[in-house]
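# A structural walkthrough
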Amino acid sequence: MNPQLFLAFMVVAAALACTPGVDWAYSISAGLAKRSFVPAVAGLCSGYLLHTVLMVAGLAALLAGMPQVLGWLTIAGAAYLLWLGSSTIRSWRGASFTAAAAVAGPVDVHAEVPAARQIKTFLQGMGTSGINPKGLLFYLALIPQFVSPEASLPVPVQSGLLGLTFVLLAAIVYSCVALLARKLLHSRPGAARRVTLASGIIMIALGAVLLSEKLLPVVAVVLASA
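What you see is a predicted model, and the numbers here were worked out from it, not measured in a lab.

Residues L49, V53, L153, V157, L161 and L164 make up a contiguous nonpolar surface patch of roughly 450 Å² in combined accessible area. By the secondary structure assignment, L153 is in the loop between helix 7 (133-142) and helix 8 (155-185). You can call L153 partly exposed: its relative accessible area is 32%.

Moving on, we get to helix 3 (residues 38-57). Between the first and last C-alpha of helix 3 there are 28 Å, a value that for 20 residues agrees with the 28 Å anticipated at 1.5 Å per step. Positive phi appears at G58, one or two residues downstream of helix 3, with a value of about 85 degrees.

This part covers the nonpolar core. Ranked by internal contacts, the top residues of the largest apolar core, which has 34 residues, are F9, Y139, I143, F166 and Y174. Residue assignment for this core shows that the elements contributing at least two residues are helix 1 (3-17), helix 2 (22-32), helix 3, helix 7 and helix 8. Among the elements that take part in this core, helix 8 stands out by supplying ten residues, more than any other. Other than its neighbours up to four places away in sequence, F166 contacts F9, A13, A17, Y48, F138 and Y139.

Let's shift gears to the environment of L32. Mapped onto the fold, L32 is located in helix 2. Taking the C-alpha atoms as reference points, L32 and R182, 150 residues apart in sequence, are found 5.4 Å from one another.

On to the confidence of the model for the protein chain, then. Mean pLDDT over the protein chain stands at 75; residues scoring 70 or higher make up 69%. Per-element mean pLDDT across the protein chain ranges from 60 in helix 4 (residues 59-64) up to 90 in helix 3.

With that out of the way, let us pick up the packing of helix 3 against helix 6 (residues 114-130). Orientation of helix 3 relative to helix 6, taken along the N-to-C sense of each, is 40 degrees, at an axis distance of 6 Å. What the angle tells us is that helix 3 and helix 6 run oblique. As for the relative orientation of helix 3 and helix 6, their crossing is right-handed in sense. Contacts between helix 3 and helix 6 pair P39, A40, A42, G43, L44, S46, G47, Y48 and H51 from the former with Q118, T121, F122, G125, M126, T128, S129 and G130 from the latter. Tallied by class, the residues present in the contact of helix 3 with helix 6 amount to seven nonpolar, ten polar and no charged.

What follows deals with the packing of aromatic side chains. A complete count under the given rule lists one aromatic pair for this structure. Judged by centre distance (5.2 Å) and plane angle (85 degrees), the ring pair of Y48 and F166 falls under edge-to-face. Of this pair, Y48 sits in helix 3 while F166 sits in helix 8, and the two are 118 residues apart along the sequence. Like Y48, the residue F166 is buried in the burial classification.

Let us look at the side chain of S129. Along the chain, S129 turns up in helix 6. From its side chain, S129 meets the backbone oxygen of L44 in a polar contact 2.6 Å long. When residues no more than four places from it in sequence are discounted, the contact partners of S129 are D23, G43, L44, G47, Y48 and H51.

What counts, and where the lines are drawn
- Residues numbered from 1 in each chain as written.
- Predicted model: local features only at pLDDT ≥ 70, side-chain atom pairs only at ≥ 80, totals over all residues.
- Heavy atoms only, no water.
- Patch = residues over 30% accessible without salt bridge, like charges linked within 9 Å, V, L, I, M, F, W, Y side chains within 5 Å.
- Areas by Shrake-Rupley, 256 points an atom, 1.4 Å probe, with all protein chains shown as cover.
- Salt bridge = Lys/Arg side-chain N within 4 Å of Asp/Glu carboxyl O.
- Helix = DSSP H or I, 4+ residues; strand = E, 2+ residues; numbered from the N terminus.
- Buried < 20%, exposed > 50% of the residue type's maximum accessible area, 1.4 Å probe, protein only.
- Expected span 1.5 Å × (residues − 1).
- Core = buried A, V, L, I, M, F, W, Y, C linked by side-chain atoms within 4.5 Å.
- Contact = heavy atoms within 4.5 Å.
- pLDDT = per-residue confidence, 0-100.
- Axes fitted to C-alpha atoms, helices over the stretch in contact; angles between N-to-C directions.
- Parallel < 35°, antiparallel > 145°, perpendicular 65-115°, else oblique.
- Left-handed = near helix turned anticlockwise from the far one by under 90°.
- Nonpolar A, V, L, I, M, F, W, Y, C, P; charged D, E, K, R; others polar.
- Phe/Tyr/Trp six-rings, centres within 6.5 Å; stacked < 30°, edge-to-face > 60°.
- Polar contact = N/O pair within 3.5 Å; in protein donor to acceptor, adjacent residues only side chain to side chain.

Right, dumping it as structure tokens:
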């Protein structure tokens, strides 16, 4: 693999991982939770790991060439974000720190069995990044630009290594985001509720944007034919 191309990819990938979005919103929500944020971050990274596998297998290009399938995936991803955002907003009142729970994190009034809760958090994180077709297109559009056909490694291997590099960078960035959210908000009672509410609103807004991208053209066609 070309070292210069790999270094350039790391810079671009790090910049994208550091760009606030729905992954950041979910990481912050996980950081504010009473439980560990590790399952949430692992879930987010597993979604991008799925994109890496699809890209190496060539399925990403296949899906990109099937606009109908990609359209339904977009609608499913938008619906998921709307549901996740609304769930986050419903729990914002219980996300405040107290003196007794400063170490444990925000009070969770709907405590579940730890193992079951961790699995649920992991799957929600995986769904957040894995069902988003824009993540798939990001892999398809960005990574091929940093693959060198003249390199000794085969193109699929180079693509896989670049994809795994982004997964690693994302894990580091999202862990830092969750950890900083937890540490900084310990000294600010009530701030956890506002941040949780903002995170839910961000998720709903992004889901609405995704949904509008697919539904508005349909509505325009219907109105034009009416």
